Amino acid sequence: MGQNASGSSVPQVILMGLDSAGKSTLLTRLLTGEVMDTSPTIGFNVGMFELDKKTSLTVWDVGGQKNMRPNWRYYLEGCKALVFVVDSSDSARMPEAQRALRKVLSDENLQGVPLMVLANKKDLSDSMTIREISRVLDLNSYSDRLWEIQACSALRGLGLQQAFLSVSKLIKKS
Ligand code: G3D
């Protein structure tokens with residue numbers, strides 16, 4: 001497992017997604033069970049907190065214009081699962097999300113690491129279906145790792161508990 005940049009040796013779950021996917025809202029939900037006003041994320045590291053006693057969660061923005069930064073590596077090293085959040089209602093940016101996901105998963109530190117895609121904002125009526133999102137994100141091409149996709153609404157707090165339960169199952173399986 002080794003140490004990571006934070007100096008701890010807890011297994012990392014990394015939460016990534018384009019800006020506006022809903023990461024801050026999700027994080028707030030996980031922390032407090034309530035939703036506070038979110039402000040645009042400054043920089044790339046939104047935050048880090050204890051998911052449970054044994055697992056920490058680090059959150060990153062992976063907007064298209066941001067390059068993979070050299071210091072990501074230290075965090076990715078201890079990564080046990082990647083949670084990738086997409087805005088299900090934003091079909092226009094789904095190809096950008098697909099590229100960002102592919103780029104992140106090409107990092108050698110994430111080889112074989114399980115992937116959970118969270119199709120967020122499913123409370124919105126115009127959201128894409130799980131099947132459509134899976135197709136655009138080309139999830140079937142990730143045959144070299146365990147992956148799952150689940151719907152959620154960070155705003156309403158729907159599907160999150162189940163999603164992170166599945167994440168810990170994926171970690172145990174891989
Ligand atoms: P980010 O941290 O990934 O950049 P944020 O994304 O958490 O800041 O969310 C971006 C916007 O999407 C916010 O709206 C937030 O309220 C909204 N949002 C997040 N999750 C959901 C969801 O599940 N459903 C809906 N309907 N909206 C969601 P604003 O208006 O503050 O920009």
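Residues numbered from 1 in each chain as written. Predicted model: local features only at pLDDT ≥ 70, side-chain atom pairs only at ≥ 80, totals over all residues. Heavy atoms only, no water.

A.B. asks: Honestly, the pattern of salt bridges in this entry has me stumped. Any pointers?
C.D. replies: Pairing of side chains with opposite charge becomes possible as their charged atoms draw close. Under the counting rule described, the total for this entry stands at 4 salt bridges. Measuring nitrogen to oxygen at the nearest pair gives 2.9 Å for the salt bridge that ties Arg93 to Asp19. Here Asp19 lies in the loop between β1 (12-17) and α1 (23-32) and Arg93 lies in the loop between β4 (79-87) and α3 (94-105), a separation of 74 residues in the sequence. With relative accessibility at 29%, the residue Asp19 sits in the partly exposed group. For Glu96, the salt bridge is made with Arg93, and the minimal N-O distance between the two is 3.0 Å. (Salt bridge = Lys/Arg side-chain N within 4 Å of Asp/Glu carboxyl O. Helix = DSSP H or I, 4+ residues; strand = E, 2+ residues; numbered from the N terminus. Buried < 20%, exposed > 50% of the residue type's maximum accessible area, 1.4 Å probe, protein only.)

A.B. asks: How should I be thinking about the side chain of Glu96 in this particular structure?
C.D. replies: Mapped onto the fold, Glu96 is located in helix α3. Classification of Glu96 as buried rests on a relative accessible area of 19%. Of note is the side chain of Glu96, whose polar atom sits 3.0 Å from the side chain of Arg93. (Polar contact = N/O pair within 3.5 Å; in protein donor to acceptor, adjacent residues only side chain to side chain.)

A.B. asks: Before we go on, may I ask you to explain helix α5 (residues 160-173) in this structure?
C.D. replies: At 3.6 residues per turn, the α-helix brings residues three or four places apart onto the same side. Across its 14 residues, α5 extends 20 Å between first and last C-alpha, which sits within 8% of the 20 Å expected from 1.5 Å per residue. Regarding α5, the residues found buried are Leu160, Ala163, Phe164, Ser166, Val167 and Leu170. All buried residues of α5 fall inside an arc of 155 degrees around its axis, so they share one side. Facing away from the buried surface of α5 by more than 90 degrees, the exposed residues are Gln161, Gln162, Leu165, Lys169, Lys172 and Lys173. (Expected span 1.5 Å × (residues − 1). Arc of directions from axis to C-beta.)

A.B. asks: Help me understand the site of the ligand in this model?
C.D. replies: Near the ligand there are 17 residues, and of these Ser20, Lys23, Ser24, Thr25 and Asp123 occur at the shortest range. In this structure, an oxygen atom belonging to the ligand sits 2.9 Å away from a main-chain N or O atom of Gly22. Calculation on the ligand without its partners gives an accessible area of 650 Å², and the protein chains cover 73% of this total. It is α1 that provides the largest number of residues to the shell around the ligand, a total of 3 residues. (Near = heavy atom within 4 Å. Areas by Shrake-Rupley, 256 points an atom, 1.4 Å probe, with all protein chains shown as cover.)

A.B. asks: How should the pairing of β4 be read in this particular structure?
C.D. replies: Sheet faces and side chains relate simply in a regular strand, where the side chains alternate between the two faces. Most of β4 is tucked away: 8 of the 9 residues are buried. The pairing of β1 with β4 spans 6 bridges and is parallel. Paired with Leu15 across the strands is Val83, a residue of β4. After leaving β4, the chain enters α3 and then returns to the sheet as strand β5 (residues 115-120), a path that is right-handed. (Pairing = 2+ DSSP bridges. Right-handed = clockwise from strand over helix to strand, strands pointing away.)

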